[in-house]
Amino acid sequence: MPRVNPPEVDRVAAAQAAVAARRARAAVKRSVADRSRTALDVAETAWKGQGGPESTLRVRELLTSVPGLGPVRAAGVMERLGIADAKRVGGLGVRQRVRLREFLLEREGASPERARLVVLAGPTAVGKGTVSTHIRDNFPGVLLSVSATTRDPRPGEIDGKHYYFVDHAEFDRLIAEDELLEWATVHNQNRYGTPRGPVDAALDAGDSVLLEIDIQGARQVKRAMPEAVLVFLLPPSWEEMVRRLVGRGTESPEEQQRRLETAKVELAAQDEFDHAVVNDDVARAAQEVVDLLAVPAAR
Ligand SMILES: Nc1nc2c(ncn2[C@@H]2O[C@H](COP(=O)(O)OP(=O)(O)O)[C@@H](O)[C@H]2O)c(=O)[nH]1
Ligand SMILES: Nc1ncnc2c1ncn2[C@@H]1O[C@H](COP(=O)(O)OP(=O)(O)O)[C@@H](O)[C@H]1O
């Protein structure tokens, strides 16, 4: 026999059910944010149609729970996928499900333990070199690619460790023989490029690779290898970035000015990247990048 309750009992029960549903959705969002579940797993569960908290979660909430996807990027993704702002995961049409599935597959990788190619780029003096050196020294499981460059070595730089220092003829040969995964002229001065061989060998062996290169190079890598993860390193503020550039003292005032002009253009490109990491603290920023590489931390 169906139960008949006085209206206020129904209202209380409905309010309690709404609170329980909200809590369950919040738990789902937390599990994605702390990476104990992937967003794709949540979506697949919703699409099995059992009506749990996964299916009543809004797509916007699911996407913003994914580490590195803020509200602005999530809105951009939804627009690209043709999903209206208020849509719930369980209420998506077949085509929307296919598009969201493909997006999450690419974003989260088929397996979280798979070796990854991560590209770290960002404006001048944000600390790219400092963060990647910290990773090289503390996370031996990551291969930090050594670039070839036509610039002269600075005092203390070692050929083969910091860069392969080559002349223009050798750089031309590397390009002609397709030995570079990407290359670019940086700050209108010298050419820099990533040797393809060591990157391919490391990925084939299941090791993750980190490239610390400029933004033009990052774009080329994404075109050649769409599964690469692009990370944009951000300064805590513009003023702090200027302080770091000036404090480093390796460029003349004219060169600093030129780099700051380039930095404005580069900062405008941050939305092209998959993740943004703020370099307020070197060890913390490095850990965030390493998490994206999906390698176990050094003990
Ligand atoms: N495209 C590309 N850029 C690179 C490569 N290696 C280094 N760079 C970039 O070249 C720029 C200048 O590097 P560097 O001469 O070491 O100067 P610093 O970064 O100012 O200390 C930086 O933005 C690097 O990220 C590379 O292999 N390819
Ligand atoms: N998190 C940080 N806090 C304070 N200073 C930093 C931080 N990261 C880097 N720096 C300093 O900022 C300057 C620029 O860093 P660097 O790694 O040379 O930048 P990039 O390689 O991006 O040009 C250096 O003097 C470095 O010691």
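Computed from a predicted model, the values in this text were never measured in an experiment.

## Description of the pattern of salt bridges
Under the criterion given, the structure shown has 24 salt bridges. Across the pair Arg 259 and Glu 251 runs a salt bridge whose closest N-O atoms are separated by 3.5 Å. Among the residues examined, Arg 259 registers a relative accessible area of 12% and is labelled buried. Through salt bridges with shared partners, one network takes in Arg 248, Glu 251, Glu 255, Arg 258 and Arg 259.

## Details of the site of ligand 1
Contacts to ligand 1 come from 17 residues, most closely from Ser 147, Arg 151, Tyr 163, Tyr 192 and Arg 259. Protein contacts shield 91% of the accessible area of ligand 1, which totals 570 Å² for the unbound molecule. Sorting the residues of the shell around ligand 1 by element identifies strand 5 (180–186) and strand 6 (190–195) as the ones contributing at least two each.

## Digging into unusual backbone geometry
Keep in mind that most residues, glycine aside, have a negative phi and that most peptide bonds are trans. The phi angle at Ala 125 is positive, at roughly 60 degrees, despite the residue not being glycine. Counting through the fold element by element, Ala 125 comes out in the loop between strand 1 (117–121) and helix 7 (128–138). Assessed through its relative accessible area of 10%, Ala 125 is described here as buried. Unlike most non-glycine residues, Asp 178 shows phi in positive territory, near 55 degrees.

## What to know about the packing of helix 7 against helix 13 (residues 282–293)
Where helix 7 contacts helix 13, the axes come no closer than 9 Å and their chain directions differ by 70 degrees. In terms of their interaxial angle, helix 7 and helix 13 are classed as roughly perpendicular. Relative to helix 13, helix 7 is oriented so that their crossing is right-handed. For the pair helix 7 and helix 13, the contacting residues are Thr 130, Val 131, His 134 and Ile 135 in the first and Val 282, Ala 283, Ala 285, Ala 286, Val 289 and Val 290 in the second. Grouping the amino acids of the contact of helix 7 with helix 13 by side-chain chemistry returns 8 nonpolar, 2 polar and no charged.

## Points about the site of ligand 2
By nearness alone, 13 residues border ligand 2, and Lys 128, Gly 129, Thr 130, Arg 248 and Asn 279 come closest of all. At 3.2 Å from a nitrogen atom of ligand 2 is found a side-chain nitrogen or oxygen belonging to Arg 244. A distance of 2.8 Å separates an oxygen atom of ligand 2 from a polar atom in the side chain of Arg 248. Mapped onto the shell around ligand 2, the elements with two or more residues apiece are helix 7 and helix 11 (238–248). Considering each element in turn, the shell around ligand 2 owes the most residues, 3 residues, to helix 7. Looking at the shell around ligand 2, its residues break down into 4 nonpolar, 4 polar and 5 charged.

## What about the sheet that holds strand 8 (residues 229–234)?
Each strand in a sheet pairs with another by means of backbone hydrogen bonds, the pair being arranged parallel or else antiparallel. What the 5 strands build is an open sheet, ordered 2-7-1-8-9; its pairing is parallel. Of all the strands in the sheet, just strand 2 (142–144) and strand 9 (275–278) have a single pairing partner and so form its edges. Each adjacent strand pair in this sheet contributes to an overall mean axis angle of 25 degrees, direction not counted. Relative to strand 7 (residues 208–212), strand 2 runs parallel, the two sharing 3 bridges. Opposite Leu 143, over in strand 7, you have Val 209 as the bridge partner. Sitting on the sheet, helix 13 touches strand 1, strand 2, strand 7, strand 8 and strand 9, and the angle it makes with strand 9 is about 155 degrees.

## Considering the packing of helix 5 (residues 71–81) against helix 6 (residues 94–108)
Packing of helix 5 against helix 6 brings their axes to within 10 Å, and their N-to-C directions diverge by 135 degrees. In terms of orientation, helix 5 lies oblique with respect to helix 6. Of the two elements, helix 5 crosses helix 6, and the hand of that crossing is right-handed. Of helix 6, the residues touching helix 5 (which contributes Val 77, Arg 80 and Leu 81) are Arg 99, Leu 100 and Phe 103.

What counts as what
Residues numbered from 1 in each chain as written. Chains lettered and ligands numbered in written order. Predicted model: local features only at pLDDT ≥ 70, side-chain atom pairs only at ≥ 80, totals over all residues. Heavy atoms only, no water. Salt bridge = Lys/Arg side-chain N within 4 Å of Asp/Glu carboxyl O. Buried < 20%, exposed > 50% of the residue type's maximum accessible area, 1.4 Å probe, protein only. Near = heavy atom within 4 Å. Areas by Shrake-Rupley, 256 points an atom, 1.4 Å probe, with all protein chains shown as cover. Helix = DSSP H or I, 4+ residues; strand = E, 2+ residues; numbered from the N terminus. Axes fitted to C-alpha atoms, helices over the stretch in contact; angles between N-to-C directions. Parallel < 35°, antiparallel > 145°, perpendicular 65-115°, else oblique. Left-handed = near helix turned anticlockwise from the far one by under 90°. Contact = heavy atoms within 4.5 Å. Nonpolar A, V, L, I, M, F, W, Y, C, P; charged D, E, K, R; others polar. Polar contact = N/O pair within 3.5 Å; in protein donor to acceptor, adjacent residues only side chain to side chain. Pairing = 2+ DSSP bridges.

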